[in-house]
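Results of the structural survey
For reference, the chains in residue letters:
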Amino acid sequence: MIAAVAITAIRQEMLVCHYFDSEEELLRTKPFVVRWSRETYDRRYIRYHSRAAMRYWTNRKFTDKIVSLAIHYKDGKEVSRNYQ
């Protein structure tokens, strides 16, 4: 089960989402995200958004295709990458 996500963007062209099983695992692996915006739209998920990700969302048009890279982690180690 995915419990925490860290989202950033690369040059306003691609979202990069890092998925973790817990917020503790996310903060151990990527401690710098504590400076990012923390949000809980859904009680099951905690999301950290970088400034670049926030710019990505505010500057895109509704019809723009979302290009993303999803990186899944287990016990702090990368286990898979999925491009969309």
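This text goes with the structure placed above it.
The present account deals with the structure reproduced in this document. Because the structure is a prediction, the values reported are computed rather than measured.

In this section: the overall build of the chain. Within the chain one finds two helices and six strands. Along the chain direction, N to C, the helices and strands of the chain fall in the order β-β-α-β-β-α-β-β. At 13 Å, the chain has a C-alpha radius of gyration in line with the 12 Å of a compact globule built from 84 residues. When the backbone C-alpha atoms are referred to their principal axes, the chain occupies close to 35 × 25 × 20 Å. Burial analysis of the chain (84 residues in total) assigns 36% to the buried set. Contacts in the chain between residues far apart in sequence, at least 24 positions, make up 44% of those at least 6 positions apart.

The next subject is the nonpolar core. Grouped together as the largest cluster of nonpolar side chains are 11 residues: Ala-4, Ala-6, Val-16, Phe-20, Leu-26, Val-33, Ile-46, Tyr-48, Leu-69, Ile-71 and Tyr-73. Going through the elements one at a time, β1 (4–10), β2 (14–20), β4 (46–49) and β5 (68–74) are the ones with two or more residues in this core. If you tally residues by element for this core, the top one is β5, at three residues. Every residue in contact with Val-33, bar those within four places of it in the chain, is listed here: Ala-6, Leu-26, Leu-27 and Tyr-48.

Here we take up the packing of aromatic side chains. Applying the stated criterion across every chain yields a total of three aromatic pairs. Here the aromatic rings of Tyr-56 and Trp-57 are separated by 5.6 Å at their centres, their planes lie at 90°, and the arrangement is edge-to-face.

This next bit is on the environment of Tyr-48. Among the structural elements, Tyr-48 can be located in strand β4. It is 4.5 Å that separates the C-alpha atoms of Tyr-48 and Arg-38, two residues lying 10 residues apart in sequence.

What counts and what doesn't
- Residues numbered from 1 in each chain as written.
- Predicted model: local features only at pLDDT ≥ 70, side-chain atom pairs only at ≥ 80, totals over all residues.
- Heavy atoms only, no water.
- Helix = DSSP H or I, 4+ residues; strand = E, 2+ residues; numbered from the N terminus.
- Rg over C-alpha atoms; globule rule 2.2 N^0.38 Å.
- Buried < 20%, exposed > 50% of the residue type's maximum accessible area, 1.4 Å probe, protein only.
- Contact = heavy atoms within 4.5 Å.
- Core = buried A, V, L, I, M, F, W, Y, C linked by side-chain atoms within 4.5 Å.
- Phe/Tyr/Trp six-rings, centres within 6.5 Å; stacked < 30°, edge-to-face > 60°.

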